[in-house]
Amino acid sequence: MKASDTGPPAGPGDELPAVAPQLRALRRRTGLTLEAAARAAGLSPAHLSRLETGQRQPSLPMLLALARIYGTTVSELLGETVADRDAIVRSGDMEPTRAGGWTYFQAGAPGRGMQALRVRVPYGSQGDVVRVHPGEEWLYVLRGRLRLRLGDAAHLLAPGDSAHFDSLTPHRLAAVDHDGVELLFVHTLLQSPTATLCLGPLTGELP
């Protein structure tokens, strides 16, 4: 599957610190041309170029895909570092970042085999996007209700519910309530030359 070239344009209210220059610097560090990196991510070269120049804002799934291709983490793409891989992350140090309509907070240190995030998913955001990528995901609903589609099965998760699944299972996440949903989200960062994230808007609503 090819990644969709859709994504919100950068606007004055969107804060994605250091993403554009980091995307270009990390691509060059890996020795990939714009065309090769775009092909691996399922994007057009023009779209990746717009991400690297800050003309477009990458969604969180796009950041995950590019992080895998470049052999790094979303934290590094965002220009975030934690000195000496500190084991403790204080709530006051969790700066919010917006990507593709989602707001997320780094809840773990960079450079680990897993990445932990606290994610806020607003109603109507990315609910038509299917994700497929190597690794495992675990999520826990903190607030609101989540509609999770795994393969052909749809699940409604309430606060206190969790899910743990193979990320190669096509999956979609959507907030049920207009107030959105807040999640704890942990995923593995498997590095592989074939590790790509498949995205695509699907027709129709989640059942």
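Scroll up for the structure.
Not measured: the values here are computed from a predicted model.

Colleague: Quick one: what's the story with the overall build of the protein chain, residue by residue and with numbers?
Modeller: A count of helices and strands for the protein chain gives 5 helices and 9 strands. Listed by position from the N terminus, the elements making up the protein chain come as α-α-α-α-α-β-β-β-β-β-β-β-β-β. Taking all 207 residues of the protein chain together, the buried fraction comes to 46%. Nonlocal contacts in the protein chain, meaning residues at least 24 apart in sequence, comprise 72% of its contacts between residues at least 6 apart. About 9800 Å² of surface is accessible on the protein chain, with carbon and sulfur atoms providing 53% of the total.

Colleague: Explain the sheet that holds strand β6 (residues 153–157) to me, and be specific about the residues and the numbers.
Modeller: Across the sheet, 3 strands lie side by side as β6-β5-β8; this open sheet has antiparallel pairing. Two strands in the sheet have a free side with no partner beyond their single neighbour: β6 and β8 (171–175). Here the average twist between neighbouring strands, direction ignored, is 20°. Here strand β5 (residues 146–150) pairs with β8 via 5 bridges, running antiparallel. Residue pairing in the sheet places L148 in a bridge with L173 of β8.

Colleague: How would you sum up the packing of helix α1 (residues 19–29) against helix α3 (residues 45–52)? Please name residues and give values.
Modeller: The description of two packed helices rests on the angle between their axes and on the distance between the axes. Between α1 and α3, the shortest axis-to-axis distance is 7 Å and the interhelical angle comes to 120°. As judged from the angle between their axes, α1 and α3 are oblique. Residue-level contacts link A20, P21, L23, R24 and R27 of α1 to L48, L51 and E52 of α3. Here the contact of α1 with α3 is built from residues that sort into 5 nonpolar, no polar and 3 charged.

Colleague: An account of the environment of L146 is needed here, citing residue identities and associated values.
Modeller: Along the chain, the position of L146 falls in strand β5. Along the sequence, L146 and A158 sit 12 residues apart, while their C-alpha atoms lie 6.6 Å from each other. Look past the residues within four positions of L146 in its chain and what remains in contact with it is L139, V141, H155, L156, L157, L173, A174, V176, V181 and L183.

Colleague: Give a description of the nonpolar core that names residues and reports values.
Modeller: Membership of the largest hydrophobic core comes to 40 residues, with the highest contact counts inside it found for L48, Y104 and L146. Examining the composition of this core, we find that 7 residues originate from one element, helix α4 (residues 60–69), more than from any other.

Colleague: An account of the pairing of β6 is requested, with residue identities and associated values reported.
Modeller: Residues in a regular strand project their side chains so that they alternate between the two faces of the sheet. Sheet topology note: the β5/β6 ladder contains 5 bridges and is antiparallel. The partner of L146 across the bridge, within β6, is L157. Between β5 and β6, which pair antiparallel one after the other, the connecting turn spans 2 residues, and G151 there sits at a positive phi close to 60°.

Colleague: So what's going on with the packing of helix α2 (residues 34–41) against α3? Which residues, and what values?
Modeller: Close contact between α2 and α3 brings their axes to 8 Å; oriented N to C, the two are set at 105°. Relative to α3, the element α2 lies roughly perpendicular. Along its contact with α2, which presents L34, E35, A37 and A38, the element α3 presents P45, L48, S49 and E52. Here the contact of α2 with α3 is built from residues that sort into 5 nonpolar, 1 polar and 2 charged.

Colleague: I'd like to hear about the side chain of E52, residue by residue, with values.
Modeller: Relative to the helices and strands, E52 resides in helix α3. In terms of polar contacts, E52 uses its side chain to reach the side chain of R24, at 3.4 Å. Leave out the neighbours within four places in its chain, and E52 touches A20, P21, L23, R24, R27, L34 and Y70.

Colleague: Tell me about the pattern of salt bridges, and please be specific about residues and values.
Modeller: What the rule picks out here adds up to 6 salt bridges. With a shortest N-O distance of 2.6 Å, R27 and E52 are connected by a salt bridge. With R27 in helix α1 and E52 in helix α3, this pair connects stretches of sequence that are 25 residues apart. For R27, a relative accessible area of 7% corresponds to the buried category. Relative accessible area serves as the criterion here: at 5%, E52 is assigned to the buried category. Where R118 meets E182, a salt bridge forms, and the shortest distance between an N and an O atom there is 2.9 Å. Of this pair, R118 sits in strand β3 (residues 114–121) while E182 sits in strand β9 (residues 181–188), and the two are 64 residues apart along the sequence.

How each quantity is defined
- Residues numbered from 1 in each chain as written.
- Predicted model: local features only at pLDDT ≥ 70, side-chain atom pairs only at ≥ 80, totals over all residues.
- Heavy atoms only, no water.
- Helix = DSSP H or I, 4+ residues; strand = E, 2+ residues; numbered from the N terminus.
- Buried < 20%, exposed > 50% of the residue type's maximum accessible area, 1.4 Å probe, protein only.
- Contact = heavy atoms within 4.5 Å.
- Areas by Shrake-Rupley, 256 points an atom, 1.4 Å probe, with all protein chains shown as cover.
- Pairing = 2+ DSSP bridges.
- Axes fitted to C-alpha atoms, helices over the stretch in contact; angles between N-to-C directions.
- Parallel < 35°, antiparallel > 145°, perpendicular 65-115°, else oblique.
- Nonpolar A, V, L, I, M, F, W, Y, C, P; charged D, E, K, R; others polar.
- Core = buried A, V, L, I, M, F, W, Y, C linked by side-chain atoms within 4.5 Å.
- Polar contact = N/O pair within 3.5 Å; in protein donor to acceptor, adjacent residues only side chain to side chain.
- Salt bridge = Lys/Arg side-chain N within 4 Å of Asp/Glu carboxyl O.

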